[in-house]
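Geometric and topological summary
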Amino acid sequence: MNTEPVPPTGRATPPGLLLATLVFWGWQSGWLWTGVAMGVILEAARFLPLRWELTQADFQRIWNFCFLLALAMGIYVFSTNDPGGGPAGALQASARKVSVSGLDTSMTLLRQLPVIWFLFVAAQFFSAGQAIPLAAISWIARRRQQQGTGMEPEKHINVAYPYFMLCLYSAGIHTNDGTHLYFYGLCGLLTWALWPLRARKAAIWVWCVLLATALTLGYYGVHGIGQLEQFANNYNSQLLARLLQPQTSAEVSRTSIGKIGRLKLSNRILIRLEPLNGSPVPTYLREASYRKYYSQIWQTAGKSDEFQTVVNDVGQENDWSLLPASTNLATVQIANYLTGWSKESSSAQGLLPLPSGTARLTDLPAFELKKNPLGAVLAAGPGLVIYQAHFGNGATMDEAPDTNVDLLVASNEVSAVDQVIAEMHVASATDREKMLAVQKFFASKFTYTLNIKNEMKAYTNSTPLGNFLLHQRSGYCEYFATATVLLLREMHIPARYAVGYLVHERTGSQRYVVRERDAHAWCLVWNSATKKWEDFDTTPAGMDNPAPSFTRPFQDAWSWLRFQFAKFWWSQGQFRKYALWLLIPVLGLSLYQILFRRKRKGRSPATASAKLVPVDWPGLDSEFYRLETRLAARGVPRLPGESLTHWLERVLVDPALTDLRQPLRELLRLHYQHRFDPQGLSPADRERLAREVKACLDKLNQ
Amino acid sequence: MRLIYQPIYWTYRTVSSVWYWAQRRFTTAGLCVFGGFLVAGATGLDVESTVTYQSFAALLGLLLIAFAGGWKFRAQFSATRLLPRLGTAGQLLQYRVRVKNLGQSVYRGLTLLEDPADPRPPYAQWLEYQLAESRRVRPFRVAQRHRTHPFRRVKLKEAEVPPMLGLGEVDVTMNLVPLRRGILRFSGVTLARTDVFGLFRAFARVSVPQTVLILPRRYPVPPLALPGVLKYQEGGVALAANVGSSDEFVSLRDYRPGDPLRHIHWRSWARSGRPIVKEFEDEFFVRHALILDTFTTEPQSERLEEAVSVAASFACTVLTQESLLDLLFVGPQSYRFTAGRGLAHADQMLEVLAAVGACPSRPFETLEHLVLNYVSLVSGCICVLLAWDEPRQQMVKKLRQLDVPTLVLVIVPPGTRLEPGVMQDEPGRFHVLEIGKIEAQLAKLK
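Residue numbers restart at each chain and count upward from 1, following the sequence in its written direction. To label them, take the chains in the order written and letter them from A, then take the ligands in the order written and number them from 1. Whole-chain, interface and lining totals are the exception, using all residues; otherwise, since this is a predicted model, local features are given only for residues with pLDDT of at least 70 and side-chain atom pairs are given and counted only at 80 or more.

Some details on the overall build of chain A
Helical segments are the DSSP runs of H or I of at least four residues, strand segments are the runs of E of at least two, and each set is numbered from the N terminus. Scanning chain A from N- to C-terminus turns up 23 helices and 25 strands. Residues counted as buried form 34% of the 702 residues belonging to chain A. Contacts are defined on C-beta atoms placed from the backbone: any two residues whose C-beta positions lie within 7 Å are in contact. Looking at chain A alone, contacts between residues at least 24 apart form 75% of all its contacts between residues at least 6 apart. Think of it as a crowd count around each C-beta: if 20 or more other C-beta atoms lie within 10 Å the residue is buried, if 12 or fewer it is exposed, and in between it is partly exposed, with C-beta placed from the backbone throughout.

This is how it looks when you write it as structure tokens:
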């Protein structure tokens, strides 16, 4: 440790500025005393004479440590829900604790940046040089230095002002409470910081007036941004609805009935499904069902607001019962993305695709779960959920039919529907026979196509569905499902329109994937005998699935990568839990290097001098210096700036040294050669220098 | 594939222009504020989650006033650059600029900046360089580094201007470090004045076009026992009086067919009526050839630059000894420059080397022919080569077959190892110099 004060280099911050800034940061971020302590430590460097001789390698180790600390802090915060975190959080995998969004993680991390980089800044303040070699933090500078291509002396930087800016920035990372305290504090600190930088040519009053003008502009800017944000908020919902990718709504389903052209569907994998314990694979995964059809749109008809919150099982945070009484259940594991956004819970949300008769959901890391009387289950939680759905053939969540709605046929569709019913001749049949007749009717007289031709335009007097039933007689699932629901209703059988996915593509032994193109619509029919709703699908087989394109494997690989990343990101895997534990030994090693490497070097001075001294100052280990000290003690000290040759000649004037004149001159020549000749001394000469110096010293000591 | 380079080139031009502008216009504090402004703006979009939008607004206010105050600077001044004729790559070049205030105003706290000519190459040249780099540096090879700032010619430092009175004149000492050999061009000088906050600078420019020749970078070379012995040189060379081991001609004799005309002693002919020529004593002295390989297709070749530096280092070292040095290289045509003793000085040789360019179109045999034409005159050869392939080995082999002692230096990328090949029996005269370690490797030469 060097106790000599070293004059500071570079531009230092004004006295007290960093203390005030750190106090401000602490106050704004809720770490007041931490900020005070950090500020006091940094400002103490102005008064304390203590300085450490930190080398570039030391700064580099501290930089690496801070960087690793930032990384560890990021993972730690990412793994916990508590902003700022608690130690227990990193080790728990509960749904809420692991579901911090990326935004929250970033904000918590940004708020803590002054703490993370404090050690690095303190190292500069307490170092002898008062500045940091650029090569300690810049890989490019370090590479240039190593390759010897740097043509200028080593560059140093002063991180005091950047740290000041960092503290100001981090102080602003907190929820907007509607006050302008941050702004006022910021203005005060900026004024303080800008004062020493002001142009000396301008009068102080001019500087004050212009600064006041600038900050006033800033004040109005703050108000302007606030108003802009309000305006954007009003526009927000409509805009977001357009920007966000399409997703199933529990309230309304806009069909593509009546649209001309080929329906384009993607091969993107949306759902991954795996039956557990030998359970059967459900054919349909339903997201929602609807009751009222008008003008190509299906709606819930007054049931949209009837979502009820599902309470999770006692003691089981991730288990949810939808139908508590059901037993004898099959189990299937489902992984799907939640692509919507819930403003209430500030998290992702979406309808869960569930098999018919789902009674219980387990291991579902949702924050909130709601269900409606039409069997839709709305989950708010992380962007990816992986859970087990337990289902059976018993009752479903759907409420019993309401004849006012579940038998309703839109007046403009009645005519076409009646014509088709007349064609089927089922007036006196039972409900089951009517259903079979409908299925047979569509299977024999209709074809499946995704490509709707322009011929429909010819029949301008009827609705698109009427055209489908009477003339076109080809279409896709939305046509068949809608037509079936209306036909059954017209035949006094309660029916509903259901949307979801068809499960048919197996990958691996027991795993299935559901793609975007597997989106499907079918109908739910009320079985009055069993008193439950049953799936009824009249879409003809032989759906015109095109042959898989050659890009399908790449798309699937990409989907798999996306899925794996989503599992990591939303903590559905185990990696994130262990990442912090992996970093702890690295951090420990880094800290060990900072604290103990220097000491270890200090304990082996011979090794250090052998390695370092010849590189920077060749010849400093020359024994001639001992001779110089000894001769100077005889009363002829070497004057400042005096060359050794000149000094030696003055010394040798002493008659007592007559015998030593020649050996000493020869030793000086060897010393010079050792000190300044790029070739240095040969090992033999080096040894001779040491030996003869020792002999001279012995003679002088006699 | 080449189509993608066009937008990259324009991006490069735009980004470099913006960065150059920002570096000159903003002070360090200004860059700090501007960086903070950008970061606060980027993260302040969500005005409910953070309040950094408030710092964005405050910094914007400061920057607006700084821009307004630092946009115009109506100073009138003239400048004269007192520039030396030569500089050296990699070494500090110090000179003065005499600035004269042509107005009555008094100026304090001004900064003087040099305006170098735009070093960015036109598209064709840039593309050529990029394609060569993509051939040289394979993808995902960390060890093969791309060069940073390949076209940058100079590292400039700005200087404080002493207070300038009305119609006053001051001298400002400027420092710069040339990074490459060749002609360094300046277009003008700029006087900068910071705004009242010290964030942004207003400029007043004056056109002072000027050039300075930058000599190649040189490495210290230890005194070498160069190959070769004293060798007979034709007595009648014009430089005999300065070079040879005798002073003058020894006698006159009758003209014999084949004698050069310049040896005719005109006065004696006039007196005697028949042609008389001067006869000189035989001249013996050491004469070395420094053979520089310029055959590379790589534009802005780092290897060629290093080869020129090595050649320059040898030129300076050899010319301090009692010998002549012939520099042989091929550019648009074949060149031979002779220097040494009283004939020409090292700086003239360095000026030639400063202008050496790559020869991408002609075969290596051109150099071989040039060397073999003059080899009878020289005592020994120093070959500075860019590769150690078959044609180059053939040339060295022929030199050795002619009993010309040859020192071979091959410049290679870092980490390359070469077999001595035709120099196998004389490994002490075959040296591989790795880029980045050349200084250390040259210092070890014996």
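Describing the overall build of chain B
When its secondary structure is counted, chain B shows 11 helices and 18 strands. Residue pairs at least 24 apart in sequence account for 72% of intrachain contacts in chain B once pairs closer than 6 positions are excluded.

Side note on the pairing of strand β13 (residues 347-351) of chain A
All names here are of chain A. Within β13, five of the five residues are buried, leaving the element largely enclosed by the surrounding structure. The sheet contact formed by strand β12 (residues 340-342) and β13 spans three bridges and is antiparallel. Looking at the pairing, Gly340 lines up with Gln349 of β13. In this structure, β13 lies alongside strand β16 (residues 377-381), joined through four bridges in antiparallel fashion. If you follow Gln349 over to β16, its bridge partner there is Ala380. A pair of strands is labelled paired if DSSP reports no fewer than 2 bridges between them.

Quick notes on the sheet that holds β12(A)
Each strand in a sheet pairs with its neighbour through backbone hydrogen bonds, running either in the same direction (parallel) or in the opposite one (antiparallel). Residues and elements named next belong to chain A. Across the sheet, which stays open at both edges, the five strands sit in the order β9-β15-β16-β13-β12 with antiparallel pairing between neighbours. Taken across any chain shown, the strands that pair with only one partner, and hence form the sheet edges, are β9 (308-309) and β12. Looking at chain direction, strand β15 (residues 368-371) and β16 are connected through four bridges and run antiparallel. The partner of Leu369 across the bridge, within β16, is Ala379.

Description of the confidence of the model for chain A
Residues and elements named next belong to chain A. Scored from 0 to 100, pLDDT records how confident the predictor is in each individual residue. Summarising the model, chain A shows a mean pLDDT of 79, and 81% of its residues fall at 70 or more. With pLDDT under 50 throughout, residues 237-245 is counted as low confidence; its partners more than four residues away or in other chains account for one contact. Every residue in residues 599-615 scores below 50 in pLDDT, and together they form four contacts with partners more than four places removed in sequence or on other chains.

Examining the confidence of the model for chain B
Averaged over chain B, the pLDDT score is 83; the fraction of residues at 70 or greater is 88%. Overall fold confidence for the complex sits at a pTM of 0.61, while the interface term, ipTM, reaches 0.71.

Regarding the nonpolar core
By our criterion, buried Ala, Val, Leu, Ile, Met, Phe, Trp, Tyr and Cys residues that link up through C-beta atoms within 7 Å make up a nonpolar core. Core analysis: the largest hydrophobic core is formed by 81 residues, its most contacted members being Val377(A), Ala379(A), Leu487(A), Tyr497(A), Val514(A), Cys523(A) and Val525(A). When residues of this core are assigned to their parent elements, the largest contribution, nine residues, is made by helix α16 (residues 477-490) of chain A. Aside from chain neighbours lying at most four places away, what touches Val525(A) is Met435(A), Leu488(A), Ile493(A), Ala495(A), Trp533(A), Glu534(A) and Phe536(A). The next biggest cluster of nonpolar side chains, apart from the first, holds 75 residues, and it includes Ala20(A), Phe125(A), Phe164(A) and Ala66(B).

Structural notes on the interface of chain A and chain B
On the chain B side, the residues contacting the 45 residues of chain A number 36 residues. Mapped onto the side of chain A that touches chain B, the elements with two or more residues apiece are α4 (102-111), α8 (139-147), α9 (160-171), α10 (181-194) and α11 (204-243) of chain A. Per-element accounting of the side of chain A that touches chain B gives the leading share, 13 residues, to α11(A). When the residues that make up the side of chain A that touches chain B are grouped by side-chain class, the tally is 28 nonpolar, 12 polar and five charged. We call Asp, Glu, Lys and Arg charged. Ala, Val, Leu, Ile, Met, Phe, Trp, Tyr, Cys and Pro are nonpolar, and the rest, Gly among them, are polar.

Side note on the sheet that holds strand β24 (residues 519-527) of chain A
All names here are of chain A. Overall, antiparallel pairing links the four strands, which are arranged β6-β21-β24-β25 in an open sheet. Each having just a single partner strand, β6 (284-290) and β25 (532-536) make up the two edges of the open sheet. Strand-to-strand twist in this sheet, taken as the mean axis angle between neighbours without regard to direction, amounts to 40°. Across five bridges, β24 lies against β25 in antiparallel orientation. Note that in β25 the partner of Asn527 across the bridge is Lys532. To define axes, lines are fitted to C-alpha atoms, for helices over the stretch in contact only, and angles between the resulting N-to-C directions are given on a 0 to 180 degree scale. Sheet strands touched by α16: β21 (495-502), β24 and β25. Its angle to β24, the strand with the most contacts, is close to 15°.

Notes on the packing of helix α20 (residues 624-632) of chain A against helix α23 (residues 683-701) of chain A
Residues and elements named next belong to chain A. Look at α20 against α23: their axes get within 9 Å of each other, and the N-to-C directions meet at 15°. One way to sum up the angle between α20 and α23 is to call them roughly parallel. In this structure, α20 crosses over α23, and the sense of that crossing is left-handed. Seen from α20, the contacting residues are Phe624, Arg626, Leu627 and Arg630; seen from α23, they are Val693, Cys696, Leu697 and Leu700. An angle below 35 degrees is read as roughly parallel, one above 145 as roughly antiparallel, one from 65 to 115 as roughly perpendicular, and any other as oblique. Each crossing is labelled by how the near helix is turned from the far one, with a counterclockwise turn of less than a right angle marking it left-handed and a clockwise turn marking it right-handed.

What to know about the pairing of strand β9 (residues 201-215) of chain B
All names here are of chain B. Judged from the three bridges that link them, strand β2 (residues 86-88) and β9 form a sheet pairing that is parallel. Within the sheet, the bridge partner assigned to Leu86 lies in β9 and is Leu213. In terms of strand pairing, strand β8 (residues 182-194) meets β9 through 12 bridges, oriented antiparallel. Along β9, the bridge assignment pairs Arg193 with Ala202. The turn joining β8 and β9, which pair antiparallel and follow one another in sequence, is formed by six residues; a positive phi near 75° is taken by Gly198.

Focus: the environment of Leu627(A)
Residue and element names in this part refer to chain A. As for its position among the elements, Leu627 is in helix α20. Taking the C-alpha atoms as reference, Leu627 lies 9.8 Å from Leu667; in sequence the two are 40 residues apart. Ignoring anything within four residues of it in the chain, the contact list for Leu627 reads Leu667, Val693, Cys696 and Leu697.

Points about unusual backbone geometry
All names here are of chain A. The phi torsion at His492 lies on the positive side, around 65°, for a residue other than glycine. By secondary structure assignment, the location of His492 is in the loop between α16 and β21. On the basis of neighbour count, His492 is assigned to the exposed category, with 10 C-beta atoms found within 10 Å.

Here's the deal with the packing of α9(A) against helix α2 (residues 28-43) of chain B
In the contact formed by α9(A) and α2(B), the axes pass within 11 Å of each other and the chain directions differ by 25°. For the element pair α9(A) / α2(B), the angle class is roughly parallel. Considering only the axes of α9(A) and α2(B), their crossing is right-handed. Facing α9(A), whose interface residues are Tyr161(A), Pro162(A), Met165(A) and Tyr169(A), α2(B) presents Cys32(B), Gly36(B), Val39(B) and Ala40(B). Within the contact of α9(A) with α2(B), the residues separate by chemical class into seven nonpolar, one polar and no charged.

So, α23(A)
Residue and element names in this part refer to chain A. Here, expected helix span is obtained from the residue count minus one, scaled by 1.5 Å. Given a rise of 1.5 Å per residue, 19 residues ought to cover 27 Å, and the 27 Å separating the end C-alpha atoms of α23 matches this to within 8%. For α23, the set of buried residues is Leu689, Val693 and Cys696. Angular distribution of buried residues about the axis of α23 spans 65°; they occupy a single face of the element. Opposite the buried face of α23, at more than 90 degrees from it, the exposed residues are Pro683, Ala684, Glu687, Arg691, Asp698, Lys699 and Asn701. Taken together, the buried residues of α23 touch α20 and α22 (661-676). What the arc describes is the spread of directions from the helix axis to the C-beta atoms.

Some thoughts on helix α1 (residues 5-25) of chain B
Its 21 residues place the ends of α1(B) 29 Å apart at the C-alpha level, agreeing with the 30 Å of an ideal helix rising 1.5 Å per residue. With respect to burial, α1(B) is a largely exposed element, only zero of its 21 residues being buried.

Section: the environment of Arg400(B)
In this structure, Arg400(B) sits in helix α10 (residues 390-401). Considered as a pair, Arg400(B) and Val422(B) are 22 residues apart in the sequence and their alpha carbons are 9.3 Å apart.

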